[in-house]
Amino acid sequence: MTDNNETTDKPTDIKDFKKKKKLKKIVEDLKMVIKVYNLSINALKSYATYSIVMETISILQGNKTLLEIHLKKYENMLDSYKKP
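Residues numbered from 1 in each chain as written. Predicted model: local features only at pLDDT ≥ 70, side-chain atom pairs only at ≥ 80, totals over all residues. Heavy atoms only, no water.

1. Describing the overall build of the protein chain
No. 1: Secondary structure assignment for the protein chain yields two helices and zero strands.
No. 2: Considering the protein chain as a whole, with its 84 residues, one finds that 15% of them fall into the buried category. (Helix = DSSP H or I, 4+ residues; strand = E, 2+ residues; numbered from the N terminus. Buried < 20%, exposed > 50% of the residue type's maximum accessible area, 1.4 Å probe, protein only.)

Here you go:
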């Protein structure tokens, strides 16, 4: 006996499941790394009068932007797995 609320989706492919799981882990990790970058940038701002610190902040901000681009890419890939 089947319930009317149940959907009849095709079985999950193990390869797709593994890819999706890996993408979720990458997205989680990238979000955490971006948080660490933000904390580092904010902590160094009080020492921005020193040129080497200002250079470090600039490099961190540039790399954070690259990480955000990669995060968006992986989120889009993950969203494509969620769609039927």
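2. Observations concerning a nonpolar patch on the surface
No. 1: Residues Tyr47, Tyr50 and Ile52 make up a contiguous nonpolar surface patch of roughly 370 Å² in combined accessible area.
No. 2: Relative to the elements of secondary structure, tyrosine 47 occurs in the loop between helix H1 (14-44) and helix H2 (51-82).
No. 3: Residue tyrosine 47 is classed as partly exposed on the basis of its relative accessible area of 48%. (Patch = residues over 30% accessible without salt bridge, like charges linked within 9 Å, V, L, I, M, F, W, Y side chains within 5 Å. Areas by Shrake-Rupley, 256 points an atom, 1.4 Å probe, with all protein chains shown as cover. Salt bridge = Lys/Arg side-chain N within 4 Å of Asp/Glu carboxyl O.)

3. Some thoughts on the nonpolar core
No. 1: Grouped together as the largest cluster of nonpolar side chains are twelve residues: Leu23, Val27, Leu30, Ile34, Tyr37, Ile41, Val53, Ile57, Leu60, Leu67, Leu71 and Leu78.
No. 2: Counting residues per element, the ones that place at least two in this core are H1 and H2.
No. 3: Setting aside chain neighbours within four positions, we find leucine 23 in contact with Tyr74, Met77, Leu78 and Tyr81. (Core = buried A, V, L, I, M, F, W, Y, C linked by side-chain atoms within 4.5 Å. Contact = heavy atoms within 4.5 Å.)

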